[in-house]
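Fold and contact review
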Amino acid sequence: MEQRIQKVFQEVFEDDDLALDRSLKREDVEEWDSLAHIELVIGLEKEFQVKFSTQQIMKMDSIEDIIRFLEGIERGQK
C-alpha cells in the first residue's frame, strides 16, 4: 500500500526521488498546497479504486491519515 501511495505522491509532485514515510505531514511538504491536495485525492482514488468522503479529504493531513482512511475503506468503515 505504501509503495502505491508513494507512486501517487511522486506523480503529483513530479519527483521520482520523493520518498515517503508514515510520519510525513502536510506541513512538511512545501508544495502540498490546496491544489496539490486535490490532485493527491484524485490520484489516490484512482490508484486504489475508492472514494473518500469530504470529511476524510479535509482531515487528510499526513501519510498516516491516508493509510488509516484507505485501511478503513478496505474494511468497509468510514
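Residues numbered from 1 in each chain as written. Predicted model: local features only at pLDDT ≥ 70, side-chain atom pairs only at ≥ 80, totals over all residues. Heavy atoms only, no water.

1. A closer look at the packing of helix α1 (residues 2-12) against helix α2 (residues 34-48)
Spelled out, the test is: To obtain an axis, a line is fitted to C-alpha atoms, over the contacting stretch when the element is a helix, and the angle between two such axes runs from 0 to 180 degrees between their N-to-C directions. Secondary structure is summarised from DSSP: a helix means a run of H or I of at least four residues, a strand means a run of E of at least two, and numbering begins at the N terminus for each. Oblique is the label for every angle not falling under 35 degrees (roughly parallel), over 145 degrees (roughly antiparallel), or within 65 to 115 degrees (roughly perpendicular). Less than a right angle of anticlockwise turn of the near helix away from the far helix marks a crossing as left-handed, whereas a clockwise turn marks it as right-handed. Between two residues, a contact is recorded if the distance between any of their heavy atoms is within 4.5 Å. Each residue receives one of three labels: charged for Asp, Glu, Lys and Arg, nonpolar for Ala, Val, Leu, Ile, Met, Phe, Trp, Tyr, Cys and Pro, and polar for the others, Gly being one of them.
Between α1 and α2, the shortest axis-to-axis distance is 9 Å and the interhelical angle comes to 140 degrees. Between α1 and α2, the interaxial angle falls into the category oblique. Handedness of the α1/α2 crossing: right-handed. Mapping the contact onto sequence places R4, I5, K7, V8, F9 and V12 in α1 and A36, E39, L40, G43, L44, E47 and F48 in α2. By residue class, the composition of the contact of α1 with α2 is eight nonpolar, one polar and four charged.

2. Topic: a negative patch on the surface
Heads up, the rule is: Surface patches are defined over residues having more than 30% relative accessible area and no salt bridge, joining like charges when they lie within 9 Å and nonpolar side chains (Val, Leu, Ile, Met, Phe, Trp, Tyr) when within 5 Å. What sets the accessible areas is the Shrake-Rupley method with a 1.4 Å probe; for residues, cover comes only from the shown protein chains. Just to be clear on terms, a salt bridge is a Lys or Arg side-chain nitrogen sitting within 4 Å of an Asp or Glu carboxyl oxygen. Charged residues are defined here as Lys and Arg on the positive side and Asp and Glu on the negative side; His and the ends of the chain fall outside this count. To locate a charge, the coordinates of NZ of Lys, CZ of Arg, CG of Asp or CD of Glu are taken.
Together, E11, E14, D15, D16, D17, E30, E31, D33 and E39 make up a negatively charged patch on the protein surface. Summarising the element assignment, E31 is placed in the loop between α1 and α2.

3. Topic: the confidence of the model for the protein
As a reminder of what qualifies: pLDDT is a residue-level measure of predictor confidence that goes from 0 to 100.
Taken residue by residue, the protein gives an average pLDDT of 92. The fraction at 70 or more is 97%. Put simply, helix α4 (residues 63-74) is where the protein has its lowest mean pLDDT, 91, and α2 is where it has its highest, 97.

4. With respect to the packing of α1 against α4
Close contact between α1 and α4 brings their axes to 11 Å; oriented N to C, the two are set at 125 degrees. Here α1 lies oblique to α4, going by the angle between them. Regarding α1 and α4, the two cross each other, and that crossing is right-handed. For the pair α1 and α4, the contacting residues are E2, I5 and F9 in the first and I63, I66, I67 and L70 in the second.

5. Things to note about the side chain of Q10
Along the polypeptide, Q10 turns up in helix α1. Residues contacting Q10, with those up to four places away along its chain left out, are D15, D16, D17 and L18.

6. Side note on the side chain of H37
Relative to the elements of secondary structure, H37 occurs in helix α2. Dropping the residues within four chain positions of it, H37 is found in contact with R26, W32, I57 and M60.

7. Some points on α1
Put simply, the rule reads: When a residue's accessible area, from a 1.4 Å probe over protein chains only, is under 20% of the maximum for its type it is buried; when over 50% it is exposed; and in between it is partly exposed.
All of the buried residues in α1 are I5, V8, F9, Q10 and V12. The inward-facing, buried residues of α1 contact α2 and α4.

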